[in-house]
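Chain residues, written in single-letter form:
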Amino acid sequence: MARRLTLTGNDAAAEAMRQIDPDVVTCFPITPQTELMHKFAEFVADGDVKAEMVLVESEHSAMSAAVGAASAGARVMTATSANGLALMWEIVYIAASNRLPIVMPVVNRALSGPINIHCDHSDTMGCRDTGWIQLYSENAQEVYDNVLQGILIAENPEVLLPVMVTFDGFIISHTVEVLDALDDKDARDWVGDYKSTYSLLNTDEPATFGPLDLQDYYFEHKRQQIEGMNNATGVIKSVGEAYGKLSGRAYGMTENYMTDDADYVVVALGSTCGTAKVVVDEMRAEGKRVGLLKIRSFRPFPHAEILAGLASAKAVGVLDRSVSFGAPGGPVHKEILAALSGTGDATVVNYLYGLGGRDISLDHIRTVFEELETLAGKTIPADEVRFIGLRG
Amino acid sequence: MPAPKQLAERKELLAGGHRACAGCLPMTAMRQMLLTAGKDTVVGCATGCVEVVTTIYPYTAWRTPFIHNAFENSAATISGAEAAYVSLRKQGKIDKKINFVAMGGDGGTYDIGLQALSGAMERGHNMLYICYDNQAYMNTGIQRSGGTPKGTATSTTPAGKVIPGKTQFPKPLTEIMIAHDIPFVAQATPGYPKDFSDKVEKALAIDGPAFINVLTPCTRGWRFPPEQSMEYARLAVKTCFWPLYEVEYGVIKINRKPKEKLPVSKWFEGQGRFRHLFKEANKGIIDEIQAEVDRKWELLLKREELTQA
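Computed from a prediction, not measured in an experiment: that's the story for all the values here.

> Could you give an account of the overall build of chain B, naming the residues involved and the relevant values?
Helix and strand counts for chain B come out as twelve helices and eight strands. The C-alpha atoms of chain B give a radius of gyration of 19 Å, which matches the 19 Å a tight globule of 309 residues would have. Its C-alpha atoms give chain B principal-axis dimensions of about 65 × 50 × 40 Å. Out of the 309 residues belonging to chain B, those deemed buried represent 59%. Look at the contacts in chain B between residues 6 or more apart in sequence, and 69% of them connect residues 24 or more apart. About 12,200 Å² of surface is accessible on chain B, with carbon and sulfur atoms providing 54% of the total. Chain B carries 39 positive and 31 negative side-chain charges, and their two centres are separated by 4 Å.

If you want it as structure tokens, here you go:
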């Protein structure tokens, strides 16, 4: 039985965490993640969950304690944003390398400096190569669903990698939406019990975690990690399908929204996809063949779905909400270009938007589609970036 | 409290064949700690000599569970493992009593790991933190740390023509940990094995966080022949540079009061890192250090009297 709830994105993540009831949750406050952990702390204080909450003195220790707890065989979660993610960066990489299935909501916020508390994707895009699976969420419903799916993806023995469930700061984290949640029993059965293969607490069969790994083995271990990430693609899809059967909401690597016959496609992640869908609907009603390719899983990168979604496109507008300084275009743009390499002659245009929480409107996205119509067939240099909603 | 002979009869939990230098007292401290703590002990260690010499994949010297995470987060890592234990125990998924020991060198403790250590102690995890203090960043090549004594020649504070080694006194880490008001804080050294072992046992028996600062001479960094490690550990105590004491719930007990307090120069002699201090031009530095050792020792005696009253 589904329950219809009215929650912010932060509360939706906390609700999923209540139902998962991890063994250990580590936490350090940072805006806009704070209210997620406030809510979870209330569950702990009221005895609604059994989780041991470790209220650490920094994000670096939040991830460090998460690594310690996960190595001890616990199901572990934490959450952060922006500078917090940056501070824990070193250990973010170690968590993935040690193959620890930690699930972490990341409420997207611009990295300092200058300091800013609002949304862009510089934080999670910056750690796209840390070895974490990254699921981007369009709204509170997806936040909730992705957190629940993240547990199964991370803990799958063929994957064993940590998962970031990202959602846009304030736009999703602080906006109240209506969503459907599983009832507690279904959610509990869905995540099941976690049993790790190795545990620090198994003193009868002691194991060494995090050893020094030099020229003669490090490379092989990295190869295994690459395999784990490659395996994640199939697991994300099968978990998404199974979740669809349970909840009525199936998930894949991407959501290809009206792309099948689309001449012009916008590629985006996160809450902007909700805005873009409205524009696609409006323009479809006007007879324009436009579509949206929403990337849900940025890591692993949805190569096949991108090719399928852009097969008919004459021009593609890639919306990046973070900068890759000195590189030809933003991180999403570069990867779309790489995916399309050698496949045809779609014109790919890079748009940089929304840094530091700058709003993106229906009109902005409509303008992108209109511009794509004029640019189709033209060759755009890879390092040409167009700005949306920027003064001057 | 077991006698050293009894400890020696216990099963060795640190395998031989690891890659520590001959005369490495940090490794002696590890052995003594493990013999006392026993096999049901989860050990975490910061990046540093001990981690490096014991865990080169695919080998490990640890016959207990062991985790290395990074340089600055040994305390945070073990606090997470301990929280997992508390959670799983509450849920009835594990029953046995397990000790949690986090460790780091002086670099990983006085400096880069101080925040994580302070946080873990404040949160009250049931864990013991051991700082194996060899008074510099030995693993990376003998650079000065916050625990390096004044006057020491290190790779980053060489005894130069103008600057004669490290110019600052070390950070009083043990006192910083006492100020955390945790149940148990102590100073020890493997040069006095029974004293150290007793402290480990006491720390693990106490419910709550404990901290032991263990002075562990380093033959490479201190520049003395490897067979003299134990002697230099004891001289640090005999000169009162490194008093053996413990603080249990705020009450200070000095474990060893030298009948004849040796001058600190007796500890410096023969250590290459202090050689330059014996030059005429630098004599004042030894006097200055001696005055500071005297001041702190007198203060410790008074604090013992005060807290025991």
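Let us keep going from here.
> Kindly report on the packing of aromatic side chains, identifying the contributing residues and their values.
The final tally for this structure, using the stated rule, is 17 aromatic pairs over all chains. Ring centres of Tyr217(A) and Tyr57(B) lie 4.9 Å apart, and the angle between their planes is 75 degrees; this geometry places the pair in the edge-to-face category. In this pair, Tyr217(A) sits in the loop between β9 (208-209) and α9 (218-247) while Tyr57(B) sits in the loop between α3 (49-54) and β2 (66-68), so the two residues belong to two different chains. The exposure class of Tyr217(A) is partly exposed, given its relative accessible area of 31%. A residue is classified by how much of its surface remains accessible, and Tyr57(B), at 28% relative accessible area, is partly exposed. Relative to Trp267(B), the ring of Trp222(B) has its centre 5.6 Å away and its plane inclined at 90 degrees; by these criteria the two rings are edge-to-face. With Trp222(B) in helix α9 (residues 219-222) and Trp267(B) in helix α11 (residues 264-268), this residue pair connects regions lying 45 residues apart in the sequence. Take Trp267(B): its relative accessible area is 0%, and that puts it in the buried class. Through pairs of rings, three or more aromatic residues link up here, namely Trp222(B), Phe224(B), Tyr232(B), Phe241(B), Trp267(B), Phe268(B) and Phe274(B).

> Go over the sheet that holds strand β16 (residues 385-387) of chain A with me, naming the residues and quoting the values.
All names here are of chain A. Read across the open sheet, the six strands follow the order β10-β12-β11-β14-β15-β16; overall the sheet is mixed. Edge positions in the sheet fall to β10 (254-257) and β16, since each of these pairs with one other strand and no more. Going from strand to strand, the sheet's axes swing by 25 degrees on average, the running direction of each strand aside. As paired elements, strand β15 (residues 347-352) and β16 share three bridges and run parallel to each other. Paired with Tyr351 across the strands is Arg386, a residue of β16. Across the face of the sheet, helix α12 (residues 331-340) comes into contact with β11 (264-268), β12 (290-295), β14 (315-320) and β15 while running at roughly 145 degrees to β14.

> Which residues make up the packing of helix α2 (residues 25-37) of chain B against helix α8 (residues 193-205) of chain B, and what values do they have?
All names here are of chain B. Running from amino to carboxyl end, α2 crosses α8 at an angle of 50 degrees, the nearest separation of the two axes being 9 Å. Relative to α8, α2 is oriented oblique. The element α2 and its partner α8 pack so that their crossing is right-handed. Contact residues: α2 offers Ala29, Gln32, Met33, Thr36 and Ala37, while α8 offers Pro193, Phe196, Ser197, Val200, Glu201 and Leu204. By residue class, the composition of the contact of α2 with α8 is seven nonpolar, three polar and one charged.

> Run through the packing of helix α10 (residues 272-285) of chain A against helix α13 (residues 362-375) of chain A, naming residues and quoting values.
Think of two packed helices as two axes; the pair is described by the angle between the axes and how far apart they sit. All names here are of chain A. Two numbers describe how α10 lies on α13: the axes approach to 9 Å, and their chain directions differ by 60 degrees. Classified by the angle between their axes, α10 and α13 sit oblique to one another. The element α10 and its partner α13 pack so that their crossing is right-handed. Where α10 abuts α13, its residues Thr272, Thr275, Ala276, Val278, Val279, Val280, Glu282 and Met283 lie against Leu362, Ile365, Arg366 and Phe369.

Procedures and definitions
Residues numbered from 1 in each chain as written. Chains lettered and ligands numbered in written order. Predicted model: local features only at pLDDT ≥ 70, side-chain atom pairs only at ≥ 80, totals over all residues. Heavy atoms only, no water. Helix = DSSP H or I, 4+ residues; strand = E, 2+ residues; numbered from the N terminus. Rg over C-alpha atoms; globule rule 2.2 N^0.38 Å. Buried < 20%, exposed > 50% of the residue type's maximum accessible area, 1.4 Å probe, protein only. Contact = heavy atoms within 4.5 Å. Areas by Shrake-Rupley, 256 points an atom, 1.4 Å probe, with all protein chains shown as cover. Lys, Arg positive; Asp, Glu negative; His and termini not counted. Charge placed at Lys NZ, Arg CZ, Asp CG, Glu CD. Phe/Tyr/Trp six-rings, centres within 6.5 Å; stacked < 30°, edge-to-face > 60°. Pairing = 2+ DSSP bridges. Axes fitted to C-alpha atoms, helices over the stretch in contact; angles between N-to-C directions. Parallel < 35°, antiparallel > 145°, perpendicular 65-115°, else oblique. Left-handed = near helix turned anticlockwise from the far one by under 90°. Nonpolar A, V, L, I, M, F, W, Y, C, P; charged D, E, K, R; others polar.

Keep in mind these numbers describe shape, not what the thing actually does.
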